[in-house]
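# A look at the structure
Residue-level listing of the chains:
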Amino acid sequence: MRNPVDHIMSTHQVNDREFSLAVGVPHVTVWRVRKGMTKTINPEILKALEEMGYDAEIILEEYQKWREDQSAEMRKRLIR
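What this report covers is the structure whose coordinates are included nearby. Note that the structure is a prediction, hence the values are computed from the model and not measured.

## Considerations on a nonpolar patch on the surface
- A contiguous nonpolar patch, built from Val28, Trp31 and Met37 and spanning about 290 Å² of accessible area, is present on the exposed surface.
- Considering the arrangement of structural elements, one finds Trp31 in helix H3 (residues 27-35).

Given below as structure tokens:
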């Protein structure tokens, strides 16, 4: 599974700065979401994605599942 925000950005070939300008948040906010550093997606990003025709609820569900998978994988790597 892939981070859905990262997938959308890759599909449209935009970087963090470009995406941040499009959705109206600082580029560090976009970076944090792409890296899974936040438990949820910034509401402004979700609103902008909804306005672009994406289903924000599905994007958020996919993001949270992806993040859970990433966390579980990291825990497995840390087990002795």
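Let's pick the thread back up.
## Focus: the environment of Ile8
- Within the secondary structure, Ile8 sits in helix H1 (residues 4-11).
- Put simply, Ile8 and Tyr54 are 46 residues apart on the chain and 9.6 Å apart in space, counted from C-alpha to C-alpha.
- Discounting residues that sit within four places of it in the chain, Ile8 has contacts with Leu49, Tyr54 and Ile59.

## Details of the pattern of salt bridges
- Throughout the structure, instances matching the rule amount to four salt bridges.
- Across the pair Asp6 and Arg2 runs a salt bridge whose closest N-O atoms are separated by 3.2 Å.
- Using a relative accessible area of 42% as the deciding quantity, one classes Arg2 as partly exposed.
- The closest approach of N and O atoms between Asp16 and Arg34, which form a salt bridge, is 2.3 Å. On the criterion of sequence distance, the pair formed by Asp16 in helix H2 (residues 16-23) and Arg34 in helix H3 is long-range, its members being 18 residues apart.

Calculation criteria
- Residues numbered from 1 in each chain as written.
- Predicted model: local features only at pLDDT ≥ 70, side-chain atom pairs only at ≥ 80, totals over all residues.
- Heavy atoms only, no water.
- Patch = residues over 30% accessible without salt bridge, like charges linked within 9 Å, V, L, I, M, F, W, Y side chains within 5 Å.
- Areas by Shrake-Rupley, 256 points an atom, 1.4 Å probe, with all protein chains shown as cover.
- Salt bridge = Lys/Arg side-chain N within 4 Å of Asp/Glu carboxyl O.
- Helix = DSSP H or I, 4+ residues; strand = E, 2+ residues; numbered from the N terminus.
- Contact = heavy atoms within 4.5 Å.
- Buried < 20%, exposed > 50% of the residue type's maximum accessible area, 1.4 Å probe, protein only.

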